[in-house]
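# Working through the structure, step by step
Spelled out from the first residue to the last, the chains are:
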Amino acid sequence: METPSGARAAVEELLDEVEAATEPRPLMEVGGLKGKAAIVTGASSGIGRAVAVALARSGVDVAFNYLGDNERAHRDADVTEQSLAAFDVRVYRRTVDCRRPEQVNDFVDRAVQHLGGVQILVNNAGIGRDRALWRMSDDEWRDVLDTNLSGAFYFLRAVAPYFRAQEYGKVVNISSIHALKSEFGLSNYAASKGGLLSLTRSAAVELGPSNVNVNAVAPGYIRTTRLTERVPPEIMDRAREGSALGRLGDPQDVAGAVLFLCSEVARHITGVILPVDGGHLA
Ligand code: NDP
């Protein structure tokens, strides 16, 4: 049984780890991505930032959006933009609410103009509003479904004409292991991420004939600053102990899987769900 001081020590340790992990380690070179252009949603922080940086490191031009409803979000987006600027790629950044289809359509069109095309979409923007379902408000339910599921659909629908016309495209949707195995208080989140898996399969079927791969990554607990702030240390400890590898993931662990799925190495893989969870589901 964890004592309160033991729990505090665990939080300190996690924060140390997060600080140490802000600069992602170089990833394996998967090749074949140089010169492509990607849209990464919600790349101001965490997993989205790691994915955007990994793509840029591979020579991919990057357009990214974020919600930007507070000062911290803009500062976070500045960090992403500066990280991307270190690579010789074009960067396009905007605040776009993925719940608003008209904003999404406009962003995608402008990103295509700015980058000269688009070949990759990573649907990463996501939120959690955890609560027991009998206490959950309409807004908590709607916000999570609108952001995590409808937002991904709006982006997918907006890039589909470009991908179909060029008969090429890669889509990676960032789902969650909670789409496959839920926990208390996650009815809205698990439903949104489960819906995203079904959307992934449907889109793979519809876009496959146009040579478009659509896959999903299902991360387990990943050490992002915001997750560490939001999730009680006991749950983080349980997640660490519950994984076969005995550790939490890093954002760059997810970025590596995304890079693989965007590469030609994975050209015959579509409609799959790839858990990146350290064996949490094993
Ligand atoms: P963060 O909170 O660090 O980042 C979320 C990103 O989404 C931010 O850029 C945020 O923008 C953006 N965003 C939120 N709402 C909207 C919106 N309405 N329109 C546009 N952008 C929006 O999250 P993580 O990096 O931890 O998670 C990223 C994804 O990975 C999410 O989909 C999450 O569900 C999933 N995931 C995360 C896991 C984890 O352990 N961290 C585990 C499994 C899945 P802003 O900064 O402006 O708020």
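Scope of this entry: the structure provided in the associated data block.

The rules behind each value
Residues numbered from 1 in each chain as written. Predicted model: local features only at pLDDT ≥ 70, side-chain atom pairs only at ≥ 80, totals over all residues. Heavy atoms only, no water. Salt bridge = Lys/Arg side-chain N within 4 Å of Asp/Glu carboxyl O. Helix = DSSP H or I, 4+ residues; strand = E, 2+ residues; numbered from the N terminus. Axes fitted to C-alpha atoms, helices over the stretch in contact; angles between N-to-C directions. Parallel < 35°, antiparallel > 145°, perpendicular 65-115°, else oblique. Left-handed = near helix turned anticlockwise from the far one by under 90°. Contact = heavy atoms within 4.5 Å. Buried < 20%, exposed > 50% of the residue type's maximum accessible area, 1.4 Å probe, protein only. Pairing = 2+ DSSP bridges. Right-handed = clockwise from strand over helix to strand, strands pointing away. Near = heavy atom within 4 Å. Polar contact = N/O pair within 3.5 Å; in protein donor to acceptor, adjacent residues only side chain to side chain. Areas by Shrake-Rupley, 256 points an atom, 1.4 Å probe, with all protein chains shown as cover. Expected span 1.5 Å × (residues − 1). Arc of directions from axis to C-beta. Phe/Tyr/Trp six-rings, centres within 6.5 Å; stacked < 30°, edge-to-face > 60°. Core = buried A, V, L, I, M, F, W, Y, C linked by side-chain atoms within 4.5 Å.

### Here's the deal with the pattern of salt bridges
If you walk through the whole model with that rule in mind, you get 17 salt bridges. Of the charged contacts, one joins Asp143 and Arg99 as a salt bridge, the two residues approaching to 3.5 Å between their closest N and O atoms. Note that Asp143 is positioned in helix H5 (residues 138-166) and Arg99 in the loop between strand S3 (91-95) and helix H4 (101-115), a separation of 44 residues in sequence. The salt bridge involving Arg131 is made with Glu140; its shortest N-O contact spans 2.7 Å.

### Details of the packing of H5 against helix H6 (residues 187-207)
In a pair of packed helices, the angle between the axes and the distance between the axes together describe the arrangement. The contact between H5 and H6 brings their axes to 8 Å, and the two run at 15°. Judged on the interaxial angle alone, H6 and H5 are roughly parallel. When you trace H5 past H6, the crossing you get is right-handed. Residues Glu140, Trp141, Val144, Leu145, Asn148, Leu149, Ala152, Phe153, Leu156, Ala160 and Arg164 of H5 form the contact with H6, whose participating residues are Ser187, Asn188, Tyr189, Ala191, Ser192, Lys193, Gly195, Leu196, Leu199, Ala203 and Leu207.

### Here we look at the pairing of strand S4 (residues 120-123)
Judged by which residues are buried, S4 turns out to be covered on both faces: Ile120 and Val122 on one side and Leu121 and Asn123 on the other are all buried. As paired elements, strand S1 (residues 37-41) and S4 share three bridges and run parallel to each other. Paired with Ala38 across the two strands is Ile120, which belongs to S4. Sheet analysis places S4 next to strand S5 (residues 169-174), joined by four bridges and oriented parallel. Bridge assignment links Val122 to a residue of S5, and that residue is Val172. Remark: the S4/H5/S5 crossover connection has right-handed handedness.

### Observations concerning the site of the ligand
What surrounds the ligand is a group of 32 residues, the closest being Ser44, Ser45, Gly68, Asn124 and Tyr189. In the environment of the ligand, a nitrogen atom lies 2.9 Å from a nitrogen or oxygen atom belonging to the backbone of Cys98. One of the backbone N or O atoms of Asn124 is found 2.7 Å from an oxygen atom in the ligand. Compared with its free state, where it exposes 900 Å², the ligand has 92% of that area covered by protein. The set of elements that each furnish at least two residues to the shell around the ligand consists of helix H2 (46-57), strand S2 (61-66), H6 and helix H7 (225-230).

### Describing H4
Compared with an ideal rise of 1.5 Å per residue, which puts 15 residues at 21 Å, H4 spans 21 Å between its outermost C-alpha atoms and is within 8% of the ideal. Looking at H4, one finds that the buried residues are Val104, Phe107, Val108, Ala111, Val112 and Leu115. End-on view of H4: buried residues confined to an arc of 130°, all on one side of the axis. Following H4 by one or two positions, Gly116 has its phi on the positive side, about 80°.

### As for the packing of aromatic side chains
Tallied over the entire structure, the rule returns five aromatic pairs. Centroid distance Trp134 to Phe184: 5.9 Å. Interplanar angle 75°. Geometry classified as edge-to-face. Linking Trp134 in the loop between S4 and H5 with Phe184 in the loop between S5 and H6, this pair joins segments that are 50 residues apart in sequence. According to the relative accessible area criterion, Trp134 is exposed, its value standing at 59%. One aromatic cluster is present, formed by Tyr92, Phe107 and Phe155 through successive ring pairs.

### With respect to the nonpolar core
A general tendency of soluble globular proteins is for nonpolar side chains to be buried together. Of all hydrophobic cores here, the largest spans 35 residues; its most connected members are Leu55, Val217 and Val258. Looking at this core element by element, the count peaks at eight residues for H2. Discounting residues that sit within four places of it in the chain, Val217 has contacts with Val172, Asn173, Ile174, Ser175, Ser176, Val254, Ala257, Val258, Leu261, Leu274 and Val276.

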